[in-house]
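A structural walkthrough
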Amino acid sequence: MAALLLLSAGVALASLRAGVEAPQGGGADDGRRLDAVVEEGASSYALDLLDGAECSRRESDRPLPEEGERVLEGYRLRGDCIVARAGYLDLSGKVWGCVVQGAGWADLCVIREGDEGGSEVVSWHMDADDVVP
């Protein structure tokens, strides 16, 4: 459950960063677009959860694909977690994210392609106690 909420928050954050607006309703394409943009209620709840999570941000000289590989390799080397979801969060391939679960914790990592090369890496760490209502 926490992994899905983190993924929802990541998609919401990525869509905000990429300038994507949520569907306004009324069109047949809106149902398909919901795969890329989370419903307002779910994203609000997920963003509230992220407010309480430990957050870190850093710049990387590596391009997005290399930084994504580095992040996943770091989790693989830990050996105490699994990748629940990973992939691009936008259609242009400039925002990538992953949700990683361990025993009693979950991480959300979002990597955005930099304007002048390199990338920006933002990660949230959440313990199980953080999501218990």
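Conventions we followed
Note that residues are indexed from 1 along each chain, following the sequence as it is written. Restriction of local features to residues with pLDDT of at least 70 applies here, the model being predicted, together with a cutoff of 80 or more for giving and counting side-chain atom pairs; totals for whole chains, interfaces and linings are based on all residues. Based on all heavy atoms of the structure, the side-chain values leave hydrogens and waters out of the count. Here a strand pair is declared whenever DSSP counts at least two bridges between the two strands. Per the convention used, a helix needs a DSSP run of H or I reaching at least four residues, while a strand needs a run of E reaching at least two, with both numbered from the N terminus. Simply put, an axis is a line fit to the C-alpha atoms, just over the touching stretch for a helix, and the angle between two N-to-C directions goes from 0 to 180 degrees. What makes two residues a contact is simply this: any of their non-hydrogen atoms within 4.5 Å. For every residue, the predictor assigns a confidence score, pLDDT, that lies between 0 and 100. Basic side-chain nitrogens of Lys or Arg form a salt bridge, by our definition, when they fall within 4 Å of a carboxyl oxygen of Asp or Glu. In protein, a polar contact means a hydrogen-donor-capable atom and an acceptor-capable atom, both N or O and within 3.5 Å, with residues adjacent in sequence counting only if both atoms are side-chain atoms; elsewhere, any N or O pair within 3.5 Å suffices. Only protein chains enter the calculation, and the probe is 1.4 Å; a residue is then buried if its accessible area is under 20% of its type maximum, exposed if over 50%, and partly exposed in between. Take the residue count of a helix, subtract one, and multiply by 1.5 Å to get its expected span. Here the arc refers to the set of directions running from the helix axis out to each C-beta atom.

Concerning the sheet that holds strand β3 (residues 95-102)
Read from one edge to the other, the open sheet built from five strands follows the order β1-β5-β4-β3-β2, with strand pairing classed as antiparallel. Sheet topology places β1 (54-60) and β2 (81-88) at the edges, where each strand pairs with a single neighbour. Sheet twist, expressed as the average angle between the axes of neighbouring strands with direction ignored, equals 15°. Two strands pair when backbone bridges link them, and β2 and β3 are joined in this way by seven bridges, in the antiparallel orientation. Opposite Y88, over in β3, you have W96 as the bridge partner. Helix-sheet contacts for helix α4 (residues 64-78) involve β1, β2, β3, β4 (105-113) and β5 (119-127), and the interaxial angle to β4 is about 165°.

Points about the confidence of the model for the protein
Caution applies to low-pLDDT regions: their predicted coordinates should not be interpreted in detail. Per-residue pLDDT for the protein has a mean of 76; in total, 65% of the residues score no lower than 70. Confidence, read as mean pLDDT per element, is least for helix α2 (residues 30-33) in the protein (43) and greatest for α4 (97). Contacts from residues 1-7, a stretch scored under 50 in pLDDT, to residues over four places away or in other chains number 16 contacts. Low pLDDT, under 50, characterises residues 11-39; the predicted model gives this stretch 27 contacts beyond four residues in sequence or across chains.

Quick notes on the pattern of salt bridges
The tally for this structure, following the rule as stated, stands at eight salt bridges. Where salt bridges share partners, they join R57, E59, R112 and E120 into one cluster.

Some thoughts on the environment of V71
Mapped onto the secondary structure, V71 falls in helix α4. Put simply, V71 and C98 are 27 residues apart on the chain and 9.1 Å apart in space, counted from C-alpha to C-alpha. Those residues in contact with V71, other than ones at most four positions away along the chain, are R58, C98, C109 and I111.

Description of the side chain of E120
Position of E120 relative to the elements: it lies in strand β5. Here R57 takes part through its side chain, which lies 2.6 Å from a polar atom of the side chain of E120.

Structural notes on the pairing of β5
Residues in a regular strand point their side chains to alternate faces of the sheet. Counting buried residues along β5, seven of its nine residues qualify, which places the element largely inside the surrounding structure. Here seven bridges tie β1 to β5, and the two strands are oriented antiparallel to one another. Residue pairing across strands places S60 opposite S119, the latter belonging to β5. Relative to β5, β4 runs antiparallel, the two sharing nine bridges. Within β5, the position partnered with I111 by the bridge is V121. Remark: five residues form the turn of the hairpin made by β4 and β5, two consecutive strands paired antiparallel; G117 in that turn has positive phi of roughly 90°.

Brief notes about α4
With 15 residues, α4 should reach 21 Å at 1.5 Å per residue; the first-to-last C-alpha distance of 21 Å fits that figure. For α4, the set of buried residues is L64, E67, G68, V71 and Y75. Viewed along the axis of α4, the buried residues span an arc of 105°, placing them on a single side of the element. Those residues of α4 that are exposed and aimed more than 90 degrees away from the buried face are E69, R76 and L77.

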